[in-house]
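This is what each chain is made of:
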Amino acid sequence: MAKNNQNTATRYFTQPNRDKLESVLFAGGIVGMIGFLVGWLTYYWWYSMIGCYIGGSCIIAYIFLTSKKVKDDGYDSHVREFLEKNSLEPKSIYKLKLFDCRRGYVKLGKDRKLRSSIYCISEFDFCRDTFTIKVKEIDFCATPEGAPQIAERSYTLPIGTKTAIEEVEIEAPEGKKKAHFLVLAPEEGATVRIPADPNSCDTDEIIEKIKRKR
C-alpha cells in the first residue's frame, strides 16, 4: 500500500484535537463574511474590508487545519479498503466485525462511536456438538508508520457453552462510553471475549446457536 495510506490510522489516533479551534475559526469566517456583506451593502467600505480580511483569514486557516485532518469516515474507509485489498472479509454466515476498544489506540468520534486501532473479525462455524471460532485481529498501528499487522487464533468449544454479554466502560481522550463483549466461559479452558454489538441480530443469532443443544 502507498505510504500515505499506511499513515492514515496513525495520524487519525495521534493527531491533536483542535475541535475548539476549528469551531472558532469557522464562526470567525461566517461573522467576517457577514460583516463584509453588511459593510458593502451599507457603503461602509472600511468595515467591509476589515470583515473580508478577518473572515478570509479564518476560512483559510480552517481549510488548512481540516485538510490535514483524518476524519472518522476517512479512518473507516481506510479499514474497509484494507479488508477488501487483502481479502479479509469474512465468508462465514455467522460473523462479528467490530473494533476491540480494550486495547490499542482508542478514539470517540464526532458521531459518538468508539473506534480502536485494533479491528476484530470473528467467524463462527457450527457442527453437531461443537463450534469453532476463528478470530482475526488487525492492528492498524502496530508500527509507527501505521503498517497493519494481522494475528489469527481459533477456539473449538462445545455447544451449550455458557455465554454472556459484558459491558465495559471505555475511557477515550474525548470522553467515556460503553463497549460490549461476547463472553464465552467453557467448563474447561480459558474464557474467551470477543467484541460484540448487543443490539445486532447477528449477535443474537450466534448466541442462540451456541446455546442450542442437540
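In short, a report on the structure. Counting of residues starts from 1 at the beginning of each chain's written sequence and follows it residue by residue. Totals for whole chains, interfaces and linings use every residue, but because this is a predicted model, local features are given only for residues with pLDDT of at least 70 and side-chain atom pairs only at 80 or more, for both listing and counting. Each side-chain value is derived from all of the structure's non-hydrogen atoms; neither hydrogens nor water enter the calculation.

### Some thoughts on the sheet that holds strand 4 (residues 118–126)
Moving on, step 1. DSSP bridges decide pairing: two strands pair if at least two such bridges lie between them. Counting from the N terminus, the helices are DSSP H or I runs at least four residues long and the strands are E runs at least two residues long. Here we have four strands laid out as an open sheet, ordered 1-4-5-6, and antiparallel in their pairing. With partners counted over all chains shown, the strands left at the sheet margins are strand 1 (94–99) and strand 6 (149–158), one partner each. The sheet shows a mean angle of 15° between the axes of neighbouring strands, direction not considered.
Moving on, step 2. Of the pairings in the sheet, the one linking strand 4 to strand 5 (residues 130–139) comprises nine bridges and is antiparallel in character. Directly across from Phe126, in strand 5, lies its bridge partner Phe131.
Moving on, step 3. Docked against the sheet, helix 6 (residues 201–211) engages strand 1, strand 4 and strand 5, running at close to 130° with respect to strand 1. Where helices are involved, their axes are fitted lines through C-alpha atoms of the stretch in contact, as for all axes, and angles between N-to-C directions lie from 0 to 180°. Contact definition: two residues touch when any of their heavy atoms are within 4.5 Å.

### Some details on the side chain of Lys136
Moving on, step 1. Topologically, Lys136 is positioned in strand 5.
Moving on, step 2. Taking the relative accessible area as the measure of exposure, Lys136 reaches 18% and is therefore buried.
Moving on, step 3. Leave out the neighbours within four places in its chain, and Lys136 touches Leu88, Tyr119, Cys120, Ile121, Glu123, Ala151 and Glu152. To sort residues, take the accessible area from a 1.4 Å probe on protein chains only and compare it with the maximum for the residue type: under 20% means buried, over 50% means exposed, and anything in between is partly exposed.

### What about the layout of surface pockets?
Moving on, step 1. A volume near 630 Å³ is recorded for the largest pocket.
Moving on, step 2. For the lining of the largest pocket, the secondary structure elements donating two or more residues are helix 5 (72–85), strand 1, strand 3 (114–116) and strand 8 (175–185).
Moving on, step 3. Classification convention: Asp, Glu, Lys, Arg as charged; Ala, Val, Leu, Ile, Met, Phe, Trp, Tyr, Cys, Pro as nonpolar; all other residues, Gly among them, as polar. Grouping the amino acids of the lining of the largest pocket by side-chain chemistry returns twelve nonpolar, two polar and eleven charged. Put simply, the grid is 1 Å and covers the protein atoms alone, a cavity is a trapped set of points that fit a 1.4 Å probe, a pocket is an open set with protein on both sides within 12 Å along at least five of seven lines, and lining residues have an atom within 4 Å of a point. Grid points are joined across faces, edges and corners, and a volume is the space filled by probe spheres set on the points.

### Considerations on helix 5
Moving on, step 1. Here the expected span of a helix is defined as 1.5 Å times the quantity of residues minus one. Helix length check: helix 5, at 14 residues, gives a terminal C-alpha distance of 20 Å against a target of 20 Å (1.5 Å per residue), a fit within 8%.
Moving on, step 2. Looking one or two places after helix 5, you find Ser87, whose phi comes out positive at around 50°.

### Digging into the pairing of strand 4
Moving on, step 1. Counting buried positions over the nine residues of strand 4 gives seven, a clear majority of the element.
Moving on, step 2. As paired strands, strand 1 and strand 4 are joined by six bridges and run antiparallel to one another. Counterpart to Leu96 in the pairing with strand 4 is Ser122.
Moving on, step 3. Connecting strand 4 to the antiparallel partner strand 5 that follows it, the hairpin turn spans three residues.

### Side note on the nonpolar core
Moving on, step 1. Here, nonpolar core means buried Ala, Val, Leu, Ile, Met, Phe, Trp, Tyr and Cys residues that are tied together by side-chain atoms lying within 4.5 Å of each other. Membership of the largest hydrophobic core comes to 23 residues, with the highest contact counts inside it found for Tyr75, Val79, Leu83, Leu114, Tyr119, Ile138 and Phe140.
Moving on, step 2. Among the elements of the structure, helix 2 (8–14), helix 5, strand 2 (106–108), strand 4, strand 7 (162–172) and strand 8 are those that each provide at least two residues to this core.
Moving on, step 3. With four residues, the top contributor of residues to this core is helix 5.
Moving on, step 4. Setting aside residues no more than four positions away along its own chain, Ile138 makes contact with Phe82, Leu83, Leu88, Ser117, Ile118, Tyr119, Ile121, Pro148, Gln149 and Ile150.
Moving on, step 5. Formed by 17 residues, the second largest nonpolar core is a distinct cluster that contains Phe131, Val135, Leu157 and Ile194.

### A closer look at the pairing of strand 8
Moving on, step 1. Note: strand 7 against strand 8, eleven bridges, orientation antiparallel. Counted as the bridge partner of Glu169 is Lys178 from strand 8.
Moving on, step 2. Connecting the antiparallel pair strand 7 and strand 8 is a turn made up of two residues.
Moving on, step 3. Of the strand pairs in this sheet, strand 8 and strand 9 (residues 192–195) are connected by four bridges, and their pairing is antiparallel. Residue Leu184 lies in a different strand from strand 9, and its bridge partner there is Val192.

### As for helix 6
Helical periodicity: at 3.6 residues per turn, an α-helix aligns residues three or four positions apart in one direction.
Moving on, step 1. Turning to helix 6, its buried residues number three or more, namely Thr203, Ile206, Ile207, Lys209 and Ile210. Angularly, the buried residues of helix 6 cover 160° about the axis, an arc narrow enough to put them on a single face.
Moving on, step 2. On the buried face of helix 6, the contacting elements are strand 1, strand 4, strand 5, strand 7 and strand 8.
Moving on, step 3. Of the residues that open helix 6, the one with a side-chain oxygen 3.1 Å from the backbone nitrogen of Asp202 is Ser200. Directions are taken from the helix axis to each C-beta atom, and the arc is the one they span. In the analysis that follows, any N or O atom pair within 3.5 Å is treated as a polar contact, provided that within protein one partner can donate a hydrogen and the other can accept it, and provided that, for residues neighboring in sequence, both atoms belong to side chains.

### Description of the pattern of salt bridges
Proximity of charged atoms lets side chains of opposite charge pair with each other.
Moving on, step 1. Any carboxyl oxygen of Asp or Glu within 4 Å of a side-chain nitrogen of Lys or Arg constitutes a salt bridge here. One pass over the structure, following the stated rule, counts twelve salt bridges.
Moving on, step 2. Among the salt bridges present, the one from Arg115 reaches Asp72, with a minimum N-O distance of 4.0 Å. Within this pair, whereas Arg115 is found in strand 3, its partner Asp72 is found in helix 5, the two being separated by 43 residues in sequence. The residues Arg115 and Asp72 share a single accessibility class, namely buried.
Moving on, step 3. We note a salt bridge from Asp111 to Arg115, for which the minimum N-O separation is 2.8 Å.
Moving on, step 4. Under the relative-accessibility criterion, Arg115 is labelled buried at 3%.
Moving on, step 5. It is possible to trace a salt-bridge network through shared partners that takes in Asp100, Arg102, Arg103, Glu137 and Arg153.

From the geometry alone we can't say anything about function, so treat these as descriptive.
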